[in-house]
Amino acid sequence: MLSFTEENYLKALLRITIDNSVEEVGTNELAAQLDVKPATVTDMLKKLKEKKLIKYEKYGKIGLNA
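Conventions used here
- Residues numbered from 1 in each chain as written.
- Predicted model: local features only at pLDDT ≥ 70, side-chain atom pairs only at ≥ 80, totals over all residues.
- Heavy atoms only, no water.
- Helix = DSSP H or I, 4+ residues; strand = E, 2+ residues; numbered from the N terminus.
- Rg over C-alpha atoms; globule rule 2.2 N^0.38 Å.
- Buried < 20%, exposed > 50% of the residue type's maximum accessible area, 1.4 Å probe, protein only.
- Contact = heavy atoms within 4.5 Å.
- Areas by Shrake-Rupley, 256 points an atom, 1.4 Å probe, with all protein chains shown as cover.

**Q** Please explain the overall build of the protein chain as it appears in this structure.
**A** A tally of regular secondary structure across the protein chain gives three helices and three strands. Secondary structure elements of the protein chain, listed N to C terminal, follow the sequence α-β-α-α-β-β. The C-alpha radius of gyration computed for the protein chain amounts to 11 Å, which stays within 12% of the reference 11 Å derived for 66 residues, consistent with globular compactness. Taking the principal axes of its C-alpha atoms as reference, the protein chain extends roughly 30 × 25 × 25 Å. In the protein chain, which comprises 66 residues, the proportion classed as buried is 30%. Sequence separation of 24 or more characterises 45% of the internal contacts of the protein chain that already satisfy a separation of 6 or more. Looking at the protein chain as shown, the accessible area adds up to about 4,700 Å², and 53% of this sits on carbon and sulfur atoms.

Now the structure itself:
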């Protein structure tokens, strides 16, 4: 089960990919969309990657898993 915050991160990631017609986005883009610091995004990305919900490598782009 996902937390409210995890859902918001996934929704923001989906929104950015759809709006910009891209498959992957950067940490800074996601941070700007959520109005949080990039370091905060990185912490959440690690959690979402552990749950196998996203594709993410340190210093790399972020994408949703199919």
